[in-house]
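# Notes for the structure review
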Amino acid sequence: MTNRELIEQAKKAMEYAYVPYSHFKVGAALLTKDGMVFYGCNIENASYGATCCAERTALFKAVSEGVKNFEKIAIVSDSGNITPPCGICRQVLLEFMPEGMVVLENELGEIKTYSVKELLPIGFTL
């Protein structure tokens, strides 16, 4: 799957975001090495610490179904700007896809890619 196709899948996932507090929708599409795609959106809660980001939603869905072989993840938001993963999501990405890529799109439709290790160069690992 191309980066553009994965971005488009993330945009579809973003439509399901539950964001009554921030009104900031985020969608993610996680591609496995064998071509499966898992989708995630951000899901907020009145207790902000209970909120789950789109990236973690997609990863947790996949892992909960026994899948752990990831290639890349596309992340988009309704802001139109590049929306890189937060620190917690970077750490979770490092845990499950240390060699993976993160695909982002800016307001001009340009796609930027980063390795997970670029986004978290000194992450916590065992």
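What you see is a predicted model, and the numbers here were worked out from it, not measured in a lab.

Let's shift gears to the side chain of glutamine 9. Along the chain, glutamine 9 turns up in helix α1 (residues 3-14). Relative accessible area serves as the criterion here: at 18%, glutamine 9 is assigned to the buried category. Non-local contacts of glutamine 9, meaning those with residues more than four positions away in its chain, are made with Met1, Ala29 and Tyr39.

It is worth spelling out the pairing of strand β1 (residues 26-32) at this point. Taking burial as the measure, the seven residues of β1 include seven buried ones, the bulk of the element. What you see with β1 is no split at all: Val26, Ala28, Leu30 and Thr32 on one side and Gly27, Ala29 and Leu31 on the other are buried throughout. Two strands pair when backbone bridges link them, and β1 and strand β3 (residues 70-77) are joined in this way by seven bridges, in the antiparallel orientation. By the bridge assignment, alanine 28 is partnered in β3 with isoleucine 75. Taken together, the five bridges between β1 and strand β2 (residues 37-41) define a ladder with antiparallel strand orientation. Among the inter-strand pairings, leucine 31 is bridged to a residue of β2, identified as valine 37.

For the pair helix α2 (residues 54-64) and helix α3 (residues 87-96), the least separation of the axes is 9 Å and the interaxial angle reads 30°. One element, α2, and the other, α3, form an angle in the roughly parallel class. Two packed elements cross with a definite hand, and for α2 against α3 that hand is left-handed. Here α2 contributes Glu55, Arg56, Leu59, Phe60 and Val63 to the contact with α3, which in turn contributes Ile88, Cys89, Val92, Leu93 and Phe96. In terms of residue class, the contact of α2 with α3 is built from eight nonpolar, no polar and two charged.

With that settled, the discussion passes to the packing of aromatic side chains. If you walk through the whole model with that rule in mind, you get one aromatic pair. Ring centres 6.0 Å apart and planes at 80° place the aromatic pair tyrosine 21 and tyrosine 48 in the edge-to-face group. Separated by 27 residues along the polypeptide, tyrosine 21 in the loop between α1 and β1 and tyrosine 48 in the loop between β2 and α2 bring together distant segments of the chain.

As a further point, take the pairing of β3. Along β3, seven of the eight residues are buried, which leaves the element largely enclosed by surrounding structure. Handedness of the β3-α3-strand β4 (residues 101-105) crossover: right-handed.

The next point concerns the pattern of salt bridges. What the rule picks out here adds up to five salt bridges. For glutamate 105, the salt bridge is made with arginine 4, and the minimal N-O distance between the two is 2.5 Å. Taken together, the positions of glutamate 105 in strand β4 and arginine 4 in helix α1 put the pair 101 residues apart, joining distant regions of the chain. Look at glutamate 105 and you get buried, because its relative accessible area is 12%. For arginine 4, a relative accessible area of 33% gives the class partly exposed. A salt bridge links lysine 11 to glutamate 8, with the nearest nitrogen and oxygen atoms 3.5 Å apart. Residue lysine 11 and its partner glutamate 8 are both found in helix α1; the two are separated by three residues, about one turn of the helix. Looking at glutamate 8, the relative accessible area reads 34%, which means it is partly exposed. Three or more residues are tied together by salt bridges with common partners; here these are Arg4, Glu8, Lys11 and Glu105.

Reading guide: rules and limits
- Residues numbered from 1 in each chain as written.
- Predicted model: local features only at pLDDT ≥ 70, side-chain atom pairs only at ≥ 80, totals over all residues.
- Heavy atoms only, no water.
- Helix = DSSP H or I, 4+ residues; strand = E, 2+ residues; numbered from the N terminus.
- Buried < 20%, exposed > 50% of the residue type's maximum accessible area, 1.4 Å probe, protein only.
- Contact = heavy atoms within 4.5 Å.
- Pairing = 2+ DSSP bridges.
- Axes fitted to C-alpha atoms, helices over the stretch in contact; angles between N-to-C directions.
- Parallel < 35°, antiparallel > 145°, perpendicular 65-115°, else oblique.
- Left-handed = near helix turned anticlockwise from the far one by under 90°.
- Nonpolar A, V, L, I, M, F, W, Y, C, P; charged D, E, K, R; others polar.
- Phe/Tyr/Trp six-rings, centres within 6.5 Å; stacked < 30°, edge-to-face > 60°.
- Right-handed = clockwise from strand over helix to strand, strands pointing away.
- Salt bridge = Lys/Arg side-chain N within 4 Å of Asp/Glu carboxyl O.

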